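Notes for the structure review
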Amino acid sequence: MKQQSGVSSTSYRRRALTFRDAFLAGITPDDLTDIARAVVQRAKDGDLKAARLVLERFVGAQPLCEWPSVADVERAELFNGL
């Protein structure tokens, strides 16, 4: 028999939404603009975490690199005359 924790997932979601609503009620679009400008400025000043945040949020996360298959390598070698 599985033991249940004290908080159900529905209760947790409801509580999280309440906290989110309270947070959003206390922040304005101007606040968000100021925050964005501050993060961009920190990125410009050399803060790598801020730069990564800006690039991931506005440019998009770096896609995962796939290793080429053997067929891709052989095709490239044939094409390049190796």
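Presented here is a report on the structure given in the accompanying data block. (Residues numbered from 1 in each chain as written. Predicted model: local features only at pLDDT ≥ 70, side-chain atom pairs only at ≥ 80, totals over all residues. Heavy atoms only, no water.)

1. Some remarks on the overall build of the chain
A tally of helices and strands in the chain yields four helices and zero strands. Start at the N end of the chain and walk to the C end: the helices and strands fall as α-α-α-α. Within the chain, the proportion of its 82 residues that are buried is 4%. With an accessible surface of roughly 8300 Å², the chain has 59% of that area assigned to carbon and sulfur atoms. (Helix = DSSP H or I, 4+ residues; strand = E, 2+ residues; numbered from the N terminus. Buried < 20%, exposed > 50% of the residue type's maximum accessible area, 1.4 Å probe, protein only. Areas by Shrake-Rupley, 256 points an atom, 1.4 Å probe, with all protein chains shown as cover.)

2. Focus: helix H3 (residues 48-58)
Its side-chain oxygen at 3.0 Å from the backbone nitrogen of lysine 49, aspartate 47 defines the N-terminal cap of H3. Looking one or two residues past H3, glycine 60 carries a phi angle of roughly 115°, positive in sign. (Polar contact = N/O pair within 3.5 Å; in protein donor to acceptor, adjacent residues only side chain to side chain.)

3. Comments concerning the environment of arginine 42
Here arginine 42 is to be found in helix H2 (residues 29-44). Linking arginine 42 and valine 54, residues twelve residues apart in sequence, is a C-alpha distance of 10.0 Å. With residues up to four places along the chain from it excluded, the contact list for arginine 42 reads Asp47 and Ala50. (Contact = heavy atoms within 4.5 Å.)

4. Structural notes on a nonpolar patch on the surface
Taken together, the side chains of Leu55, Phe58 and Val59 define a hydrophobic patch exposed on the protein surface, amounting to about 370 Å² of accessible area. Looking at the secondary structure, you find valine 59 in the loop between H3 and helix H4 (70-80). (Patch = residues over 30% accessible without salt bridge, like charges linked within 9 Å, V, L, I, M, F, W, Y side chains within 5 Å. Salt bridge = Lys/Arg side-chain N within 4 Å of Asp/Glu carboxyl O.)

5. Notes on the environment of isoleucine 27
Relative to the assigned elements, isoleucine 27 resides in the loop between helix H1 (9-25) and H2. On the basis of relative accessible area, isoleucine 27 is assigned to the buried category, the value being 18%. Those residues in contact with isoleucine 27, other than ones at most four positions away along the chain, are Leu32 and Ile35.

6. Overview of the pattern of salt bridges
Side-chain pairing between opposite charges can occur once the charged atoms of the two side chains come close. All told, the structure shown has three salt bridges when counted by the stated rule. Glutamate 56 is the partner of arginine 52 in a salt bridge, and the nearest nitrogen-oxygen pair spans 2.9 Å. Of this pair, arginine 52 and glutamate 56 both sit in helix H3, four residues apart, roughly one helical turn. A salt bridge links arginine 75 to aspartate 72; the nearest nitrogen and oxygen atoms lie 3.0 Å apart. Pair noted here: arginine 75 and aspartate 72 are both in helix H4, with a separation of three residues, about one helical turn. Residue classification places arginine 75 among the exposed positions, given a relative accessible area of 52%.

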